[in-house]
Amino acid sequence: MSERVLIVDFGSQVTQLIARRVREAGVYCEIHPFNRVTVDSIRDFGAKAVILSGGPASVTEAGSPRAPQGLFEMGLPILGICYGQQTLCEQLGGKVEPGHHREFGRAMLKLAEPCALFDGVAAKGDEVQVWMSHGDRVTAIPAGFKVVATSEGAPFAAIANAEKRIYGVQFHPEVVHTPIGKQLLSNFVHKIAGCAGDWTMKAFKAQEIAKVRAQVGSGRVICGLSGGVDSSVVAALLHEAIGDQLTCVFVDTGFMRSGEADQVVSLFRDRFNIKLVHKDASDLFLDKLAGLTDPEKKRKIIGATFIDVFEEEAKAVGGADFLAQGTLYPDVIESVSFTGGPSVTIKSHHNVGGLPERMNMKLVEPLRELFKDEVRELGRELGLPDDMVGRHPFPGPGLAIRIPGQPLTRENLDILRKADAVYLDEIRKAGLYDQIWQAFAVLLPVRTVGVMGDSRSYDYACALRAVTSTDGMTADFYPFDMAFIGRVANRIINEVKGINRVTYDVTSKPPGTIEWE
């Protein structure tokens, strides 16, 4: 088993980024909510080091989250980040106070002492940029600790007890706004914790194939194949693991992008020789959604209808013992509130919510330990083509949630599908596809007056969306030059009957979401 780092989550919005940076350093890690972490669970996990995340609480409040006190006697290397540093200090006899100088955003960090965390990053006296987000601050550090860096608002911005290998930083090394952060976290897991960095996708693939074979045995597995990256990688991995024990069911909802249904069938049935059932259920889905405009109702009906169709097809092929799903690590993390309470629902996820009990199948989720970029890497390791592995994310409900505020019809789906195809074609021609996290067109519930030739037109307006992101948690709009936008708009208006006006969405996430619904 690979060396492992445990991240104790105190509820920071960016805890996932800590895990991503650690894995980028070639070290396997997992995030566990603080209220499920004990000394025994840390031992059982086999942690070689522990990272304490940031969080929204104040250490000065009664009942605020803490690390297990016994953690500090285990002899493990520990790194506390922001709230993690504050609780570390409080629990070891230091002091944290509220109401001092607040720091939010970029700050300059000055290195006061040489420190293994900063090896190759900064020397004594150097100043480096970091990203802060705190109101409370440490005002006294525990015995045995040294101050290794300061900032204007944090006199104990980085502290260290090198002998016990316990470190704390007030800033957030995991975010891109701390340019030295990636190297700092790499220093912690390699130079301080002594991890070899031997966690590779090739090793993960071999480990997961063995795990699937052990779980499934001689049983049969059915996999819902959507044509997206996640389900495609699941299908390829399972096929390599169990061969003909796998049957894939591709339910065509009628909400896919141009040509994608044919691509899915061609790739998996013809190239990979996987047993594939292709069910065109587009009429059924349109009937079920007739007259509906509410996005949550659409999502729920699509999800329920998908399960009904999938179940019917599963029975038709003789049933199965296991259902394969493309659940990813962010889905797993986000389904567990760190306080144990309910989380705010922004929008429901199409494949979360479990199986109807009547299906009587066990779940196989071989990607549940991976982030999206790692899934793409695994896909390449499995021999999936780049145009499949590198495909932009696509929501489960598909184009059904890109026609807001109006009922779905074959006509408006076809209009949107054509506009989207033109837009993506121009992005690829410009060599921009791989620079963009996600790009798509939205058909607006607005008709506008236009002049086409010598005639008046009264057609739909279309919005274009393109964002950059590392994980989909936050996103910025892609800064196309206006000549590109003009070229796309000209093609859409000329080639797609039914659209006479094109706009570009420049909303970031937050405050918006990536999808419109």
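Just so it is clear, the model here is predicted, and its values are computed rather than measured.

*Asks:* Which parts of the structure should I look at to understand the environment of Phe-480?
*Replies:* Following the sequence through the fold, Phe-480 ends up in the loop between strand E19 (476–477) and helix H14 (482–495). Among the residues examined, Phe-480 registers a relative accessible area of 10% and is labelled buried. Phe-480 sits 172 residues away from Asp-308 along the chain, and the two C-alpha atoms are 42 Å apart.

*Asks:* Before we go on, may I ask you to explain the pattern of salt bridges in this structure?
*Replies:* Where charged atoms from two side chains of opposite charge approach closely, those side chains can pair. What the rule picks out here adds up to 27 salt bridges. Put simply, Glu-24 and Lys-182 hold a salt bridge, and the shortest N to O gap is 3.8 Å. Of this pair, Glu-24 sits in helix H1 (residues 15–24) while Lys-182 sits in helix H4 (residues 181–192); the two residues are 158 residues apart in sequence, bridging distant segments of the chain. Residue classification places Glu-24 among the partly exposed residues on the basis of a relative accessible area of 37%. Between Lys-429 and Asp-425 there is a salt bridge, with the nearest N and O atoms lying 3.2 Å from each other. On the criterion of helical spacing, the pair formed by Lys-429 and Asp-425 is a turn pair, its members being four residues apart in helix H13 (residues 410–429). Asp-425 sits in the partly exposed class, given a relative accessible area of 27%. Residues joined in a network through salt bridges with shared partners are Asp-425, Glu-426, Lys-429, Arg-487, Arg-491 and Glu-495.

*Asks:* Would you mind showing me how to read unusual backbone geometry here?
*Replies:* As a rule of thumb, non-glycine residues mostly have phi less than zero, and peptide bonds are mostly trans rather than cis. Residue Lys-509 is joined to Pro-510 through a cis peptide bond whose omega torsion reads -15 degrees. Looking at the element boundaries, Pro-510 is found in the segment after strand E20 (499–504). Residue Pro-510 is joined to Pro-511 through a cis peptide bond whose omega torsion reads 15 degrees. Position of Pro-511 among the secondary structure elements: in the segment after E20.

So, how was this worked out
Residues numbered from 1 in each chain as written. Predicted model: local features only at pLDDT ≥ 70, side-chain atom pairs only at ≥ 80, totals over all residues. Heavy atoms only, no water. Helix = DSSP H or I, 4+ residues; strand = E, 2+ residues; numbered from the N terminus. Buried < 20%, exposed > 50% of the residue type's maximum accessible area, 1.4 Å probe, protein only. Salt bridge = Lys/Arg side-chain N within 4 Å of Asp/Glu carboxyl O.

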